[in-house]
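Descriptive analysis of the structure
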Amino acid sequence: MSSSQHSNLQPTEGAAGADAWGPRGRALMPGGVSSPVRSFKGVGGEPFFVERGEGPYLVDVRGRRLLDFVMSYGPLILGHAPAPVVAAASAAVARGLSFGAPNPDEVRLAERIVSAMPAVERLRFVNSGTEATMSALRVARAATGRRLVVKFSGCYHGHHDSLLIRAGSGAATLGVPDSAGVPAELAALTVSLPYNDVETVERLFAERGSEIAAVIVEPVAGNMGTVLPAPGFLESLVRLARAAGALVVFDEVMTGFRVGWGGAQGWRGLTPDLTCLAKVIGAGMPVGAYGGRSDLMELVAPEGPVYQAGTLSGNPVAMAAGLAQLTAIGGPDFYEDLAARTEALAQGLEVLGARHRVPVAVPRVGGMMTLFFADQAPQSMAEAEATDRERFRRFFHGMLGEGVFWPPSPFETAFVSAAHDERAIASALAAADKVLASL
Ligand SMILES: *Cc1c(COP(=O)(O)O)cnc(C)c1O
């Protein structure tokens, strides 16, 4: 099939049509986008419209090829349109788009996830990461009979009311840490503490431990840029929560099957009570999941009193795509190679920063990393906000000019996929060499 047969452009739309998508979209949709970060509001400028993806590249509607480190914000760990995923999803499409009845790939994908993550004994599929965290908290509140939820500033857990408090990248970039429209009474049920600060967690548990239903955390933060957990931080959360009868929820929507086969919990050898997943398990289709201890998941309808449902949950096309992606990944070995690619890019950026006397810090793990313009890797949202954001904006636009699509916010994670081969890493570093020289 020629590429024109795949084109999003109608015959009458041509090159002038390509320029009109922005205004046409903005006239009808807030910011012209379906999710705020895509508007480039954090860096300025006009977003490009995508025609298709190929391996590590995006091709825009003007035919420009961009080396992509956004990768749909995490799901595309094999690159764009990987053959086994496209084949499995296409075959599933031909069998029907939705059934409203269970299908075998739900069971197969659940088995794959459970085998990789021992803390997830049973799970429920949903359609997004937001739904996964929202539902996990409902289970935690039902299980404990308590109301209070503890989160960490800069951790993003989706856009539902209980967790849109000091919520990282999108909100941080836009300067609205708390969303309008969230009732104060609801916000009062969520306490947000600084990431990597065990003392404040200890103090809260000492004062209000018996009210706390759950502590929810990104075990590697990815939504204030990549911020690694300090040694002992996650371990302390688990210890304090257990002692107080509260549950620990790991939001591994980004880190699950991204930092390793067993997620961040496998990497750090920890056992949360509940785990939230999405992104990589859906391969770019709308998939989320929450799961954990059997006795907790028994509380979910129809087995228990916690109601949670979804017309399109466990969608057969989405399940086939996710299953094909996890099958292609295969197991833990995949992540050695992925981490080596990430390491090559991160180390290369550090070398270039030193060469051009631009202070950079590049925290990374598995297939995720952030280039911070700072002397040291941030440990918290406050430290991430103190990095040089103006320099980041110039870096972003410089890279885009060189044909590299870096995440359009200083608080987003850059993603490396298996499709980012040596050539792709080398050309990203060649672009960064030019851009850093000009900063
Ligand atoms: C992306 C993300 C979410 C939200 O997932 P959606 O599918 O966008 O609703 C939640 N938690 C974390 C850690 C994420 O990275």
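Just so we're clear, the structure is a prediction, and the values are computed from it rather than from any experiment. (Residues numbered from 1 in each chain as written. Predicted model: local features only at pLDDT ≥ 70, side-chain atom pairs only at ≥ 80, totals over all residues. Heavy atoms only, no water.)

The biggest cluster of nonpolar side chains holds 72 residues, and the ones touching the most others in it are Phe 125, Leu 345, Phe 395 and Trp 406. Looking at which domains feed residues into this core, each of domain 1 (3-82 + 332-437) and domain 2 (83-329) supplies at least three. Other than its neighbours up to four places away in sequence, Phe 395 contacts Leu 371, Phe 373, Trp 406, Ala 432, Val 435, Leu 436 and Leu 439. Counting 31 residues, the second largest nonpolar core, distinct from the first, contains Val 150, Val 191, Val 215 and Phe 372. (Core = buried A, V, L, I, M, F, W, Y, C linked by side-chain atoms within 4.5 Å. Buried < 20%, exposed > 50% of the residue type's maximum accessible area, 1.4 Å probe, protein only. Domains from an automatic or database assignment. Contact = heavy atoms within 4.5 Å.)

The strand order across the open sheet built from 3 strands is S11-S12-S14, with neighbouring strands paired in antiparallel fashion. The open sheet has two free edges, formed respectively by strand S11 (364-365) and strand S14 (414-415), since each of these has just one partner strand. The sheet contact formed by strand S12 (residues 368-369) and S14 spans 2 bridges and is antiparallel. Among the inter-strand pairings, Met 368 is bridged to a residue of S14, identified as Phe 415. (Pairing = 2+ DSSP bridges. Helix = DSSP H or I, 4+ residues; strand = E, 2+ residues; numbered from the N terminus.)

What follows covers helix H11 (residues 316-329). For H11, built from 14 residues, the straight-helix expectation of 20 Å at 1.5 Å per residue is met to within 8% by its first-to-last C-alpha distance of 20 Å. Among the 14 residues of H11, 12 are classified as buried, and the element is accordingly described as predominantly covered. On the buried face of H11, the contacting elements are helix H2 (83-95), helix H3 (104-116), strand S4 (122-126) and helix H12 (333-355). With a side-chain oxygen lying 3.0 Å from the backbone nitrogen of Val 317, the N-terminal cap of H11 falls on Asn 315. Directly after H11, the chain includes Gly 330, whose backbone phi takes a positive value near 90°. (Expected span 1.5 Å × (residues − 1). Polar contact = N/O pair within 3.5 Å; in protein donor to acceptor, adjacent residues only side chain to side chain.)

Approximately 620 Å³ is the volume found for the second largest pocket. If you go around the second largest pocket, you meet 28 residues; those closest to its centre are Glu 106, Leu 123, Arg 124, Phe 125 and Ser 313. Here the residues of the lining of the second largest pocket are counted per class, giving 15 nonpolar, 9 polar and 4 charged. (1 Å grid on protein atoms, 1.4 Å probe; cavity = no way out; pocket = protein on both sides within 12 Å on 5 of 7 lines; lining within 4 Å. Points joined across faces, edges and corners; volume = space filled by probe spheres on them. Nonpolar A, V, L, I, M, F, W, Y, C, P; charged D, E, K, R; others polar.)

What the domain assignment lists for the protein is domain 1 (3-82 + 332-437) and domain 2 (83-329). Distance between the C-alpha centres of domain 1 and domain 2: 25 Å. Taken together, both faces of the contact between domain 1 and domain 2 bury some 3000 Å²; the carbon and sulfur share is 65%. Sorting the residues of domain 1 by area buried against domain 2 places Pro 82, Tyr 335 and Met 381 first, and these three jointly supply 20% of that buried surface. Scanning the region where domain 1 abuts domain 2 turns up 0 salt bridges. Applying the counting rule to domain 1 against domain 2 returns 13 residue pairs in polar contact (both at pLDDT 80 or more). Every element with two or more residues in the side of domain 1 that touches domain 2 is listed here: H12, S11, S12 and helix H13 (381-385). Along the lines of polarity and charge, the residues of the side of domain 1 that touches domain 2 split into 23 nonpolar, 9 polar and 4 charged. (Buried area = accessible area lost by both parts, 1.4 Å probe. Salt bridge = Lys/Arg side-chain N within 4 Å of Asp/Glu carboxyl O.)

Turning to the pattern of salt bridges, a few remarks are in order. One pass over the full model with this rule turns up 19 salt bridges. When the shortest N-O distance is used, the salt bridge between Arg 64 and Asp 60 registers 3.4 Å. On the accessibility criterion, Asp 60 (2% relative accessible area) is buried. One network of salt bridges, with partners in common, ties together Arg 242, Asp 273, Arg 293 and Asp 295.

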